[in-house]
Every structure is written in structure tokens, then in C-alpha cells.
Amino acid sequence: MAMPRPTAAQFAYGSFTVIFSTLAMLLLSRTSSGPGVALIAVAALGLGLLVAMTVPVPRSRAVTAVPAHRPAAGREPVSAATRISAGASAGESARGRAA
């Protein structure tokens, strides 16, 4: 089973959380060592993932079928079978008149 793709809101909130929490933790901790920066980066990524997963996902709406072409007012749609049989009889009568 495939995971659903993240929405734009989830992506934006997660990204902003990672960026701003990384900057805040680096400024507040005043760390300059490699392991300290790596730990802060991992913590910020985890926090960004948590925020992105808690953003509410919009519910999918029921899709209603809309006809691509609506008949003109006062006209009823004609099935293809009716058109074919009407065309055949009209063609026969035109041939019959010509003979």
C-alpha cells in the first residue's frame, strides 16, 4: 500500500518548522561542535515531520458526474441507435425517390 502524497500545506508547514526550529536551537544552544549541530538538525527534522503529519488533510469530496454536453432547451437527447436507424431509412427513401 502506497503512502499518500503530502499536500502543499503539509510540505510548507514542515519545511518552515525545520528551518526556524534549527535556527532557534542553534542560536539558543550556542553550539559549534559537529555532533551538537547534527543532533540539532536531526531534532529539527523530527519536529518538522511531526508538524507536517499533524496538519489536517482536506477531506475528499464526492464527485458528481456532470454531462459534458447538455442538449439545447426543449430538445431531448437522441440515442445513437435511433440516429443510425433514422439515417438508414432516410437514405433508403432518398434512393427510392431517385430511382
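Conventions we followed
Residues numbered from 1 in each chain as written. Predicted model: local features only at pLDDT ≥ 70, side-chain atom pairs only at ≥ 80, totals over all residues. Heavy atoms only, no water. Patch = residues over 30% accessible without salt bridge, like charges linked within 9 Å, V, L, I, M, F, W, Y side chains within 5 Å. Areas by Shrake-Rupley, 256 points an atom, 1.4 Å probe, with all protein chains shown as cover. Salt bridge = Lys/Arg side-chain N within 4 Å of Asp/Glu carboxyl O. Helix = DSSP H or I, 4+ residues; strand = E, 2+ residues; numbered from the N terminus. 1 Å grid on protein atoms, 1.4 Å probe; cavity = no way out; pocket = protein on both sides within 12 Å on 5 of 7 lines; lining within 4 Å. Points joined across faces, edges and corners; volume = space filled by probe spheres on them. Nonpolar A, V, L, I, M, F, W, Y, C, P; charged D, E, K, R; others polar. Polar contact = N/O pair within 3.5 Å; in protein donor to acceptor, adjacent residues only side chain to side chain. Buried < 20%, exposed > 50% of the residue type's maximum accessible area, 1.4 Å probe, protein only. Contact = heavy atoms within 4.5 Å.

A. Summary view of a nonpolar patch on the surface. Judged by side-chain polarity, Phe16, Ile19, Phe20 and Leu23 come together as a nonpolar surface patch covering roughly 430 Å² of accessible area. Examined against the element boundaries, isoleucine 19 turns out to sit in helix H1 (residues 8-29).

B. Spotlight on the layout of surface pockets. Roughly 320 Å³ of internal volume is contained in the largest pocket. For the lining of the largest pocket, the secondary-structure elements that each account for two or more residues are H1 and helix H2 (34-54). Among the residues making up the lining of the largest pocket, the classes are represented as 10 nonpolar, 5 polar and 1 charged.

C. Region of interest: the side chain of serine 21. As for its placement among the helices and strands, serine 21 is situated in helix H1. A polar atom in the side chain of serine 21 sits 3.4 Å from the backbone oxygen of valine 18.

D. Highlighting unusual backbone geometry. With phi around 55°, arginine 30 is a residue other than glycine that occupies positive phi space. Its place among the elements puts arginine 30 in the loop between H1 and H2. The class for arginine 30 is exposed, based on a relative accessible area of 75%.

E. Quick peek at the side chain of threonine 17. In this structure, threonine 17 sits in helix H1. According to the relative accessible area criterion, threonine 17 is buried, its value standing at 18%. In this structure the side chain of threonine 17 is engaged in a polar contact, spanning 2.7 Å, whose partner is the backbone oxygen of tyrosine 13. Here threonine 17 is in contact with Thr22, Leu47, Gly48 and Val51, once residues within four sequence places are set aside.

These figures capture arrangement, not role.
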